Amino acid sequence: NYRERLRDVSLDHDLGGTTYQHSGSEECGMEIVRWLEHQNPKDYEHVKFIVHSWNLPASVKMVERLRHKGYRCYQQPFGM
């Protein structure tokens, strides 16, 4: 059963080659966070979300919002 195996999902805030993209943009990793906030975290209990970005303030917000909703989420700076 695939749900019994933990899966890592890597999320970045700044997409498309834009550095320090605005978090309100639909073209950044925060859009995935907004979508996940409307999902049931129990459906993703087998997933570990790993947030990485050069945009440290935005990646911290992504982690905080996902953890607040009950997701297993970690921040991993680039190069670590």
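Everything that follows concerns the structure shown earlier in this document.
Being a predicted model, the structure only gives us computed values, none of them experimental.

A. A look at the packing of aromatic side chains. Throughout the structure, instances matching the rule amount to three aromatic pairs. Both rings, one in Tyr44 and one in Tyr71, keep their centres 6.1 Å apart while their planes meet at 55 degrees; by these two values the pair is tilted. Here Tyr44, found in the loop between helix 1 (30–36) and strand 2 (47–52), pairs with Tyr71, found in the loop between helix 2 (56–69) and strand 3 (73–75); they are 27 residues apart in sequence, far enough to count as distant. Using a relative accessible area of 23% as the deciding quantity, one classes Tyr44 as partly exposed. For the pair Phe49 and Tyr71, a centre-to-centre distance of 5.6 Å together with 85 degrees between the ring planes defines the contact as edge-to-face. Residue Phe49 is found in strand 2, and its partner Tyr71 is found in the loop between helix 2 and strand 3; the two are separated by 22 residues along the sequence. Judged on exposure class, the residue Phe49 and its partner Tyr71 are both buried.

Basis of the calculations
- In this numbering scheme, every chain counts its residues from 1 along its sequence in written order.
- Confidence filtering applies because this is a predicted model: local features only for residues at pLDDT of at least 70, side-chain atom pairs given and counted only at 80 or more, and all residues used for totals across whole chains, interfaces and linings.
- Calculated side-chain values reflect all of the structure's heavy atoms, with hydrogen atoms and water omitted.
- Between 30 and 60 degrees the pair is tilted, below 30 it is stacked and above 60 it is edge-to-face, where a pair is any two Phe, Tyr or Trp rings, Trp via its six-membered ring, whose centres lie within 6.5 Å.
- The helix and strand labels rest on DSSP assignments: H or I over at least four residues marks a helix, E over at least two residues marks a strand, and numbering proceeds from the N terminus.
- Accessible area is worked out with a 1.4 Å probe on protein chains only. A residue is then buried under 20% of its type maximum, exposed over 50%, and partly exposed in between.

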